[in-house]
Amino acid sequence: MGVEGIGARVARKEDKRFLTGKGRYTDDMSVPGMKFAAFVRSPHAHARITGIDVSAAEAMPGVIAVLDGKQLQADGIGNLICGWMIHSKDGSPMKMGAWRPIAHETVRYVGDAVAVVIADSVALARDAAETVVVDYEELPAVVDPVKTLEAGQPQIHPEAPNNLIFDWQLGDPAATETALAGAAHVTEMKILNNRLSPNPMEPRAALGIYDSAEDHYTCYTTSQNPHVARLVMSAFYNVAPENKLRVIAPDVGGGFGSKIYIYPEEIVCLWASKRTGVPVKWTSDRTEAFLTDAHGRDHVTTVKMGFDADHRIVGLHVDTIANLGAYMSLFSSAVPTYLYATLLSGQYDIPAIHANVRAVYTTTAPVDAYRGAGRPEATYLLERTMETAARELGISPAELRRKNFVRSFPHQTPVIMNYDAGDFEASLEAAMAAADYAGFVARKAEAEGRGKKRGIGMSCYIEACGIAPSAAVGSLGAGVGLWESAEVRVNAVGTIEVLTGSHSHGQGHETTFAQLIADRFGLPIDNVNIVHGDTDKVQMGMGTYGSRSGAVGMSAIVKALDKVEKKAKTIAAHLMEADEADIVIENGEAKVAGTDKTVPWFQVALAAYTAHNLPAGMEPGLKESAFYDPSNFTFPAGCYICEVEVDPETGSTDIIQFVAADDFGNIINPMIVEGQVHGGIAQGIGQALLEGVHYDANGQLLTASYMDYAMPRADDLPSFSVSHQTTPCPSNPLGIKGCGEAGAIGSPPALINAITDAIGNNGLTMPATPQKVWRALNAA
């Protein structure tokens, strides 16, 4: 490892432009003749559109056009789709209701677009949008995912009788039922996983540009995967042929999953640009974001976990109703199925598991992947159940977990996943030591003397990252492959450009990816430029989500580097008249091992491009590309311990300490990894204590601003104690596992376990607001 190579704590290169306000985001983009879009959105959760009068808006000065869904349909623009096919247990395909980019018959949630105004300024467009008169025939709404399945409830999509999208199962129902029937003890729980709004710092935005001279489209957008956006908009939405569409995702200010998808606004801006002959830009305001960004979580689950007389788990049955909102978003169907049920074994050796998942429609915003996507939901139910079982059995929560850990690898779970490597006990021991777990009893007694309720809670999580391999996920219904691409271009003076299909929206790729090159060739990371986010520069890629950038994206770079290194060694050997096997490249030069013969790196590169003295038959240049398709998921894991004090007079919870012990395999940049863990834990604490999307019975969003949707602030969070244990991943060349989602997965159950331990009432649900905690405490 060099000072900037793998394992070094290198400050992020990209932060200079971010911290000085010189980042380039979609809303910063401006082109000649650009106009602005404002959407007319439904105020009703469910209604038929019986008429639209746009005459007043069209007559306003500065208004270019007012467009509606009938015009969009007449121009052949297709419906939005869900890209992962799920079949019910009876073999029938999921029931995907039609989602028009602009509704023209029926609206199905508050915020559904019904028209768009294009005008000279944002203010003019918004003013004109308010004059559009839409006649609605209001229909009944249903927001409760359990109630929506009941007889007599409003039918949201004709394609999905009784609002059921699919009824899916995984595992062995008979074996699980037998195991639970013979169990010495069964813990039963009803668990709610609250709906969340992702709230990235940068709201969504899109700029559509149609060039009539070239019949070419360009879309700037806040996307985590611009190549998939281009693929879907060309192949399924009929916006433009793929070779006539360029998608650019410049700097992106956070995504957390909400920017994976293609939303109506990107489609409409491109279509409107061609129809009006002007570039069209739209930027969401924060209320639009609350209304229309894909939400996360929203599960209602019943769980049964059976134990034998030695406290070993014998079986687990899970029944989940997953609310997918009014429409199926791009990857929504995968979240409560293959990203959720496949992780229900957790860190435990469970011989029999059966999960049944019913996905449903409600008249609410669509629900899709949010940081962790299925794995937080699985971990929350498992770790709440394990903690509850320990209390019922009268044994230490740590010992119950320890007794049931998987201890030998590889380990095949009953729910598809094959864990390749890990040491779960090492993380448990590290977390317990850091938290002074043994000293908690004394601290609890001291707190009681001050009139406080003190509790401690634990969570042992595992997740699956780098969603893979392509053939496997394809057999499970995925509409795309989940490989990644890279191209390494060595310039004539020895500087390097790396083109990657991964996309950064805050993860620090420009630094960590450059560290790979620094480590391989001994070059300063400032000599390396990372190119991403532009479909005209990078041939193809699958983007960033599921903590895949390291395990998949970096592995593709490593494969390309292998090819570059091989050719560079061949050139260097020729220049120094040495055997290629004796060439080593380090510290910015090629050397003949055991001698003082060297050639600077830049001379090797220059020789490749001048081509005056190359080995016979060698092509000039030094540029290589590679695709990497992983052979397995990666499995980050860890143990989190949270200690709290609750004020019995107010129900207010203070987090006294939070300890995280994670196993991410080999780590490229510890400082960036720690930042990812801190951010994830902050989001998990937000879910556990504060956050929740709420609709009233009529489908009106009650949490459409930061006055009503409570985000964690600095004084809500403690200083985190973070440590890393390392079992390298055997399935990728770097041995890395992924770290971006772990904090959000492991933290909510640890915190709720701590609060319920403090107050003596296990029925607490998230978010554990002071009012909820006070009521639970007094009920106990």
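Residue numbers here run from 1 along each chain, matching the order of that chain's written sequence. pLDDT decides what is reported in this predicted model: residues at 70 or higher carry local features, side-chain atom pairs at 80 or more are listed and counted, and totals for whole chains, interfaces and linings draw on all residues regardless. Only hydrogens and water are set aside; all other atoms, that is, all heavy atoms of the structure, feed into the side-chain values.

Enquirer: Which residues make up the overall build of the protein chain, and what values go with them?
Expert: Helix and strand counts for the protein chain come out as 19 helices and 28 strands. Against the 2.2 N^0.38 benchmark of 28 Å for 780 residues, the protein chain shows a C-alpha radius of gyration of 27 Å, consistent with a compact globule. Expressed as a percentage of the 780 residues in the protein chain, the buried residues total 62%. Residues are treated as being in contact if the distance between any of their heavy atoms lies within 4.5 Å. In the protein chain, of all internal contacts separated by at least 6 residues, the share reaching a separation of at least 24 is 79%. In this tally, Asp and Glu contribute negative charge and Lys and Arg positive charge; neither His nor the terminal groups of the chain are included. For charged residues, the charge sits on one atom: NZ in Lys, CZ in Arg, CG in Asp, CD in Glu. Between the averaged position of the 62 positive side-chain charges in the protein chain and that of its 90 negative side-chain charges there is a distance of 1 Å. The helix count covers DSSP runs of H or I at least four residues long, the strand count covers runs of E at least two residues long, and both are numbered beginning at the N terminus. In this setup the radius of gyration rests on C-alpha atoms only. A globule is expected at 2.2 Å times the number of residues raised to 0.38. Working definition: with a 1.4 Å probe on protein chains only, accessible area under 20% of the residue-type maximum means buried, over 50% means exposed, and in between means partly exposed.

Enquirer: I'd like a rundown of the sheet that holds strand 15 (residues 353–360), residues and numbers included.
Expert: The 5 strands lie next to each other as 7-15-14-13-8, forming an open sheet whose pairing is mixed. Two strands bound the open sheet, and with one partner strand each, they are strand 7 (164–171) and strand 8 (185–193). Each neighbouring strand pair of the sheet contributes to a mean axis angle of 10°, computed without reference to strand direction. Two strands pair if DSSP finds at least two bridges between them. Here strand 13 (residues 299–307) pairs with strand 14 (residues 313–323) via 9 bridges, running antiparallel. Axis definition: a line fitted to C-alpha atoms, over the contacting stretch in the case of helices. Angles run 0 to 180 degrees between N-to-C directions.

Enquirer: So what's going on with helix 10 (residues 397–404)? Which residues, and what values?
Expert: Counting buried residues in helix 10 gives 6 out of 8 residues, a clear majority hidden from the surface. Listing the buried residues of helix 10 in full gives Pro397, Ala398, Leu400, Arg401, Arg402 and Asn404. In this structure, the buried residues of helix 10 make contact with strand 13, strand 14, helix 9 (375–393), helix 11 (424–434), strand 18 (453–462) and helix 18 (742–759). Throughout this description, a polar contact denotes any pair of N or O atoms lying within 3.5 Å of each other; where both atoms belong to protein, one of them has to be capable of donating a hydrogen while the other can accept it, and for residues adjacent in sequence the pair is counted only when both atoms sit in side chains. For helix 10, the N-terminal cap is Ser396; the gap from its side-chain oxygen to the backbone nitrogen of Ala398 is 3.1 Å.

Enquirer: Got a sec to walk through the pairing of strand 27 (residues 653–663)? Specific residues and values, please.
Expert: Along strand 27, 8 of the 11 residues are buried, which leaves the element largely enclosed by surrounding structure. Across 10 bridges, strand 26 (residues 637–646) lies against strand 27 in antiparallel orientation. Bridging from a neighbouring strand, Ala637 pairs with Asp663 of strand 27. Hairpin remark: strand 26 followed by strand 27, antiparallel, with 6 residues in the connecting loop; positive phi at Gly651, about 80°. Bridge analysis of strand 27 against strand 28 (residues 720–725) gives 6 bridges, and the strand direction is parallel. For Asp662, the partnering residue across the bridge sits in strand 28 and is His724. When the strands point away from the viewer, a crossover counts as right-handed if the path from the first strand over the helix to the second runs clockwise. At this point the chain moves from strand 27, through helix 17 (residues 670–689), to the parallel strand 28, and the crossover so formed is right-handed.

Enquirer: Before we move on, can you summarise the nonpolar core with the specific residues and values?
Expert: The definition of a nonpolar core used throughout is a set of buried Ala, Val, Leu, Ile, Met, Phe, Trp, Tyr and Cys residues joined through side-chain atoms within 4.5 Å. Judged by nonpolar contacts, the single largest core of 171 residues is most densely connected at Met233, Tyr237, Leu344 and Ile755. For this core, the element with the most residues is helix 18, which contributes 9 residues. Leaving out residues up to four positions away in the same chain, Ile755 has contacts with Val644, Val646, Thr653, Leu689, Leu764, Ala768 and Val773.

Enquirer: Explain the packing of helix 9 against helix 18 residue by residue, including any values.
Expert: Two measures define how a pair of helices packs: the angle their axes make with one another and the distance between the axes. Contact pair helix 9 / helix 18: the axes reach a minimum separation of 8 Å and the direction vectors enclose 30°. Of the possible angle classes, the one that applies to helix 9 and helix 18 is roughly parallel. Where helix 9 crosses over helix 18, the two elements pack in a sense that is right-handed. Counted together, Arg375, Pro376, Thr379, Tyr380, Glu383, Arg384, Glu387 and Arg391 of helix 9 and Ala744, Ile745, Pro748, Pro749, Ile752, Asn753, Thr756 and Asp757 of helix 18 form the full contact between these two elements. Partitioned by chemical class, the residues of the contact of helix 9 with helix 18 number 7 nonpolar, 3 polar and 6 charged. Note on angle classes: values under 35 degrees are labelled roughly parallel, values over 145 roughly antiparallel, values of 65 to 115 roughly perpendicular, and the remainder oblique. What makes a crossing left-handed is the near helix being turned counterclockwise from the far one by less than a right angle; a clockwise turn instead makes it right-handed. The residue classification treats Ala, Val, Leu, Ile, Met, Phe, Trp, Tyr, Cys and Pro as nonpolar and Asp, Glu, Lys and Arg as charged. All others, Gly included, are polar.

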